[in-house]
Amino acid sequence: GSRFLTEYRTIEALGQGGQGRVVKVRNRLDKRFYAIKIIRPRSEKILREILTLSRLNHVNIVRYYSSWFESGTSKSTVSGSTEGSTEG
């Protein structure tokens, strides 16, 4: 099954761009809110973005938590916390 569908409940769409879309979700286990960026095909640019995000730690940048590839689809996701900014 899908990790995204198993672990998260979609709350609302937050935005969309050339590389994918961002949705606000709630984790079914820890009940916290997260922003998940759903992106398509695996490319060097996407992998560089994931590596860069994983190293950033700044008050004005959404914190990166994890990423994964969904089996059986061309989607991958990047997860970041929205706690304290879009809680509601």
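Please refer to the structure placed before this passage.
Counting starts from 1 at the beginning of each chain's written sequence and moves along it residue by residue. Totals for whole chains, interfaces and linings use every residue, but because this is a predicted model, local features are given only for residues with pLDDT of at least 70 and side-chain atom pairs only at 80 or more, for both listing and counting. Side-chain calculation: all heavy atoms of the structure are included, whereas hydrogens and water are not.

**What to know about the overall build of the chain**
Across its full length, the chain carries two helices and five strands. Taken from the N to the C terminus, the helices and strands of the chain come in the order α-β-β-β-α-β-β. When the accessible surface of the chain is totalled, it reaches about 6,000 Å², and 51% of it is carbon and sulfur. Think of it this way: any DSSP run of H or I at least four residues long counts as a helix, any run of E at least two long counts as a strand, and we number them from the N terminus. Areas reported as accessible are Shrake-Rupley estimates using a 1.4 Å probe. Residue values count occlusion only from the protein chains shown.

**Focus: the pattern of salt bridges**
For this document, the term salt bridge refers to a Lys or Arg side-chain nitrogen within 4 Å of an Asp or Glu carboxyl oxygen. Using the criterion set out here, one finds two salt bridges in the structure. Put simply, Glu7 and Arg3 hold a salt bridge, and the shortest N to O gap is 3.3 Å. Placement of both Glu7 and Arg3 in helix 1 (residues 3–7) is noted, with a separation of four residues, approximately one turn of the helix. With a 1.4 Å probe rolled over the protein chains alone, any residue whose accessible area is under 20% of its type maximum counts as buried; one over 50% counts as exposed, and the rest are partly exposed. According to the relative accessible area criterion, Arg3 is partly exposed, its value standing at 32%.

**Some details on the packing of aromatic side chains**
Any two of the Phe, Tyr and Trp rings considered here, Trp counted by its six-membered ring, make a pair once their centres fall within 6.5 Å; the pair's planes then place it as stacked at under 30 degrees, edge-to-face at over 60, or tilted in between. Per the counting criterion, the structure on display carries four aromatic pairs. Here Tyr8 and Tyr34 contribute two aromatic rings whose centre-to-centre distance is 6.2 Å and whose plane-to-plane angle is 80 degrees, an arrangement assigned as edge-to-face. In this pair, Tyr8 sits in strand 1 (residues 8–16) while Tyr34 sits in strand 3 (residues 33–39), placing the two residues 26 residues apart along the sequence. Ring centres of Tyr8 and Trp68 lie 6.0 Å apart, and the angle between their planes is 5 degrees; on these two criteria the pair is classed as stacked. Here Tyr8 is found in strand 1, whereas its partner Trp68 is found in strand 4 (residues 64–69), with 60 residues between them in sequence. For Trp68, a relative accessible area of 9% translates into the label buried. Each residue in the set Phe4, Tyr8, Tyr34, Tyr65 and Trp68 is aromatic and connected to the rest through ring pairs, giving one cluster. Here, a charge over a ring is recorded when the distance from Lys NZ or Arg CZ to the ring centre is within 6 Å and its angle to the ring normal is within 35 degrees. Arg3 extends its terminal NZ or CZ atom over the ring of Trp68, reaching a point 3.9 Å from the ring centre.

**A short note on the nonpolar core**
Among the nonpolar cores identified, the biggest contains eight residues, and these are Phe4, Tyr8, Val23, Val25, Tyr34, Ile36, Ile38 and Trp68. Going through the elements one at a time, strand 2 (20–27) and strand 3 are the ones with two or more residues in this core. Per-element tally for this core: the top contributor is strand 3, with three residues. For our purposes a nonpolar core is just a set of buried Ala, Val, Leu, Ile, Met, Phe, Trp, Tyr and Cys residues, chained together by side-chain atoms within 4.5 Å.

Everything listed here is a matter of geometry and, on its own, says nothing about what the molecule does.
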